[in-house]
Amino acid sequence: MPTLASAIETMTPEQRQQRGEQLKQDGIVIKTYDLWKTYIMGDQEIHAVSGVDIEIKRGEYVAIMGPSGSGKSTLMNLIGCLDTPTKGLYYLNGKLASDMEDDELARIRNKEIGFVFQTFNLLARASALHNVELPLIYAGVPTGERLERAKETMRAVDLEARMHHKPNELSGGQRQRVAIARALVNRPSILLADEPTGALDTNTGNEIMALFERLHRQGNTIVLVTHETDIALHAHRVIYIRDGKVERDEAVSR
Ligand code: ADP
Ligand code: MG
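Residues numbered from 1 in each chain as written. Chains lettered and ligands numbered in written order. Predicted model: local features only at pLDDT ≥ 70, side-chain atom pairs only at ≥ 80, totals over all residues.

**Student:** Explain the pairing of strand β2 (residues 44-52) here, please?
**Tutor:** Note on strand geometry: in a regular strand, side chains alternate between the two faces of the sheet. The pairing of strand β1 (residues 28-41) with β2 spans seven bridges and is classified as antiparallel. By the bridge assignment, Ile 40 is partnered in β2 with Glu 45. Connecting β1 to the antiparallel partner β2 that follows it, the hairpin turn spans two residues, and Gly 42 within it adopts a positive phi of roughly 65°. (Pairing = 2+ DSSP bridges. Helix = DSSP H or I, 4+ residues; strand = E, 2+ residues; numbered from the N terminus.)

**Student:** Looking at this model, I keep getting lost on unusual backbone geometry. Mind explaining?
**Tutor:** Excluding glycine, residues mostly carry a negative phi; peptide bonds, for their part, are mostly trans. Despite not being glycine, Asn 121 shows a phi value in the positive range, around 55°. Examined against the element boundaries, Asn 121 turns out to sit in the loop between β7 (113-117) and α5 (128-138). Overall, the presence of 13 C-beta atoms within 10 Å leaves Asn 121 in the partly exposed class. With phi around 50°, Arg 187 is a residue other than glycine that occupies positive phi space. Judged by C-beta crowding, with 11 C-beta atoms within 10 Å, Arg 187 ranks as exposed. (Buried ≥ 20, exposed ≤ 12 C-beta atoms within 10 Å, placed from the backbone.)

**Student:** Sorry if this is basic, but what is going on with the site of ligand 1 here?
**Tutor:** Inspection of the region around ligand 1 gives Tyr 39, Met 41, Ile 46, Ala 48, Gly 66, Ser 68, Gly 69, Ser 70, Gly 71, Lys 72, Ser 73 and Thr 74 as its neighbouring residues. Those elements that place two or more of their residues in the shell around ligand 1 are β1, β2 and α3 (72-79). Its residues assigned to classes, the shell around ligand 1 comprises four nonpolar, seven polar and one charged. (Near = placed C-beta within 6 Å. Nonpolar A, V, L, I, M, F, W, Y, C, P; charged D, E, K, R; others polar.)

The values are spatial; any link to function lies outside them.
Here it is, written out as structure tokens:
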């Protein structure tokens, strides 16, 4: 009996495309089949991600959790289309991202993914509003609509009153909310957050987690990457990663 992964690998391009369409119809935004990322270091092979099968549906709020070095960032880079796998298939919103070249990958990334990082990564010299507007400028949205949508997204993260402040005039929590607004403004299919509370104190971190919960209730799909159990348990499902493999995949009971 061939395994599912090997059956997938022998599919024709048409069958692969049909599979993607089926996944999209079924509301599955993220689907990986036997995903691998192997780094070569001298004469050593490091399997940072080794045979990962995950499925995430539209509207889910999932944490990817594991100790340092377990492969979380590598997996996040694959899911976020920042990198391509050594082996295996990855469907993002019905499209086979694992087959894409760099320019196509950049396009799907800009359209489908909103990133939130530990260190906010805001433009220091630009106002909060302008930071949030930037993805819309890249997407070619006309000025009027751009401003309207950026303001609306600032409201969604309760930062309307701080719109014209620059990042250094904002607290850490406020900066992260600007970064979250920037991630959301393009209405991505998934919000992908890597240790979003890592640079914040506990109380501020909890405020950010409360915001994620609200965004989830409003229908956003959220994937949160963290090494902290306390943070992971804010999600509604936790995928535990160890040595590049899925160790457990569980709903969080409340
Ligand atoms: P985590 O984010 O869970 O800490 P990473 O995905 O960063 O884990 O790393 C997983 C493993 O892959 C580690 O052993 C790490 O040293 C290795 N690794 C990550 N990136 C590279 C790279 N660019 N080159 C070589 N090895 C890497
Ligand atoms: Mg990491």
